[in-house]
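# Secondary and tertiary structure notes
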Amino acid sequence: MQIFHLSIFYWEEVVPFCFSQTQMQGSLSRDNEQMAWKSQITSWSHVLQATGFGSSCLGRKSKPEPKDLWQEPLDPAVSWTPCANQRSWETCEGNNGYILVSATGGINQQRVAICNAVAVARLLNSTLVIPHFSYNSVWKDKSQFSDIYQAEHFIDYLKADIRIVKELPVELRSLDLEAIGSLVTDDEVMKESKPSFYLKKILPILIKNSVVHFVGFGNRLAFDPIPFELQRLRCRCNFHALRFVDKIQETGALLVQRMRKHRSHSAPLEQNLLGAFAGKPDMTGLKNLPSKYLAVHLRFEIDMAAYSMCYFGGGKDEIEELEAYRAAHFPALTLLRKTKKIPSAAFLRSEGQCPLTPEEAVLMLAALGFKRRTNIYVAGAQIYGGKSRMAAMTSLYPNLVTKETLLSSSEIEPFRNFSSQLAALDFIACAAADAFAMTDSGSQLSSLVSGYRMYYGDGRLPTIRPNKRRLASIFSKNSTIEWKEFERRVRKAIRQTKQVFERPIARSVYRHPRCPECMCKINDTIALLS
């Protein structure tokens, strides 16, 4: 029996009890990958239609969840506490001119651009104009900074660091910035540029013209080497200065309260996520006992599927649909496919370059030990493939909800045409979850959420970070494998990535804030005595 067949019978020890003699075989074939994937998806559909297996199996006493399922592995000798709010420098007067930023991408890319712009403004002793959000053909959202974040809090919280204004002075608004050389695009700024680039190349323009306009500004500031206080400023921006507007906080609080069923949580995290709405009980809807919940970010929208250049079992229709999407939204990628020899879909999958499908994600969760009764919040936009793609997950985990199902039509209506604001609601629900699982480590939302949980979670908010290359190997083995062995391999792979370490050199402080610039390391003995 194939791996995807057998996993459906896992729940409450159904696999080892009812099918103890059954083995499962990996179904990915390098020789005929497309047929294999199509077979897998078809198999899922057939098995889901036949889930009314023996009541005697369902009645068997279930084994307990693994002890570490809802825990973050910790170093017993060291603990970390947030301290990016601490300053040891004088206020920046911003005398060298004004910095404009038109940030591209979705809300999470824009968040990174904002905090990088704050750091660059301080570096250049300049004044930052509240960033503008460029309209994106993928996200299709016209939201601006003040529609998502509290502008007054942002300005006030960072006033001891940099000067921030809402718009350019009147005398500078009529300038043709491109004509005078003050328009700087991402083509002119190398990705993860060092501070020396800005001092040598951008500061002279700023002093000459009094204004510089960065267009795009996606990941255009390096994480190392960076002066200590400048790095801390980035953390201060991300974890303290950027707070969602009341509308988002209030609705986000409803999501969290309904998932937890009114159980309290980490006070610092709630206060920063939800502001005045933290701890306010929602007395409508569910009346069950307080419970834990798992949040899963399924990064499997059509843009991700198309950009990955992977194959997901949909045959000719899928191939044509994703190619058309690439041509419309990623023309450079389409050109690359026509002019260069690119790796095959099978190779990309074996290297862990493909996003986990919902079917693969549910296998991972089952193997880790999450029970059928687990309350799961699924974050993400429209899943590529729709309901049929989600059939396995919704059948195996009936307590699965999304923001669309958890909120009433009137509660979600103000956000319907604003993908960035909807993503902000997902950010809140994921950051506050008892456990969080990402399915694509390259996702900005997953990265920022995991960093936020690391910063405010006090070591109590675990994040599941799958190594997709290792999982692909486990999923695709052609040799037979018993469920217990599959479980063991998946748990070992996840355990190694679940452990949180101090930030590696050159890695993002937004994703890895456990470093001296963002957090303070204290000895547990000293912490207990104090």
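None of the values given here were measured: they were computed from a predicted structure.

About the criteria used
Residues numbered from 1 in each chain as written. Predicted model: local features only at pLDDT ≥ 70, side-chain atom pairs only at ≥ 80, totals over all residues. Heavy atoms only, no water. Helix = DSSP H or I, 4+ residues; strand = E, 2+ residues; numbered from the N terminus. Buried < 20%, exposed > 50% of the residue type's maximum accessible area, 1.4 Å probe, protein only. Areas by Shrake-Rupley, 256 points an atom, 1.4 Å probe, with all protein chains shown as cover. Disulfide = S-S within 2.5 Å. Expected span 1.5 Å × (residues − 1). Salt bridge = Lys/Arg side-chain N within 4 Å of Asp/Glu carboxyl O. Core = buried A, V, L, I, M, F, W, Y, C linked by side-chain atoms within 4.5 Å. Contact = heavy atoms within 4.5 Å. Right-handed = clockwise from strand over helix to strand, strands pointing away. pLDDT = per-residue confidence, 0-100.

### A closer look at the overall build of the protein
Looking only at helices and strands, the protein has 25 helices and 15 strands in total. Within the protein, the proportion of its 530 residues that are buried is 55%. In the structure as shown, the protein presents an accessible area of about 23700 Å², 53% of it carried by carbon and sulfur atoms.

### Overview of the state of the cysteines
Summed over all chains, the structure comprises four disulfides. In this model, Cys83 is linked to Cys520 through a disulfide, with the two sulfur atoms separated by 2.2 Å. Note on the Cys83 and Cys520 pair: the S-S dihedral is about 100 degrees, so by sign convention the disulfide is right-handed. Residue Cys83 is located in the loop between β2 (78-82) and β3 (98-103), and its partner Cys520 is located in strand β15 (residues 519-523); the two are separated by 437 residues in the primary sequence. Residue class for Cys83 comes out buried when judged on its relative accessible area of 1%. A disulfide bridge connects Cys115 with Cys237, and the sulfur atoms are separated by 2.3 Å. Residues Cys115 and Cys237 are joined by a disulfide whose S-S torsion is about -80 degrees; by sign, that bridge is left-handed. Taken together, the residues span a long stretch of sequence, with Cys115 in helix α5 (residues 107-123) and Cys237 in helix α10 (residues 228-241) at a distance of 122 residues. Its sulfur unpaired, Cys515 is 3.9 Å from the next cysteine sulfur, which belongs to Cys518.

### Side note on α5
Owing to its 3.6 residues per turn, the α-helix brings residues three or four apart onto one side. The end-to-end C-alpha distance of α5, which contains 17 residues, comes to 24 Å, matching closely the 24 Å that a straight helix rising 1.5 Å per residue would cover. Most of α5 is tucked away, with 15 of its 17 residues classed as buried. Once α5 finishes, Asn125 follows within two positions and takes phi at roughly 50 degrees, a positive value.

### Quick notes on the pattern of salt bridges
The full count for this structure, using the stated rule, is 28 salt bridges. Linking Lys468 and Asp440 is a salt bridge whose minimum nitrogen-to-oxygen distance equals 2.5 Å. Highlighted residues: Lys468 in helix α23 (residues 468-476) and Asp440 in the loop between β12 (435-438) and α22 (444-456), separated in sequence by 28 residues. Given a relative accessible area of 10%, Lys468 falls into the buried group. What emerges from the salt-bridge pattern is a single network uniting Arg87, Asp161 and Arg236.

### Regarding the nonpolar core
In this structure, Phe154, Phe214 and Tyr377 are the most contacted members of the largest nonpolar core, which totals 93 residues. The biggest single contributor to this core is α5, with 10 residues. Look past the residues within four positions of Phe154 in its chain and what remains in contact with it is Ile114, Val118, Leu128, Ile130, Phe145, Ile164, Cys237, Ala241 and Leu242. Counting 49 residues, the second-largest nonpolar core is a separate cluster that includes Leu69, Phe330, Cys354 and Met393.

### Quick word on the pairing of strand β10 (residues 376-379)
Because side chains alternate across β10, one face comprises the buried residues Ile376 and Val378, and the other comprises Tyr377 and Ala379, equally buried. In this fold, β10 hands off to helix α18 (residues 386-396), which returns the chain to strand β11 (residues 400-401); that crossover is right-handed.

### Description of the confidence of the model for the protein
Per-residue pLDDT for the protein has a mean of 85; in total, 83% of the residues score no lower than 70. Throughout residues 37-60 the model reports pLDDT below 50, and contacts reaching past four residues in sequence, or to other chains, amount to 46 contacts.

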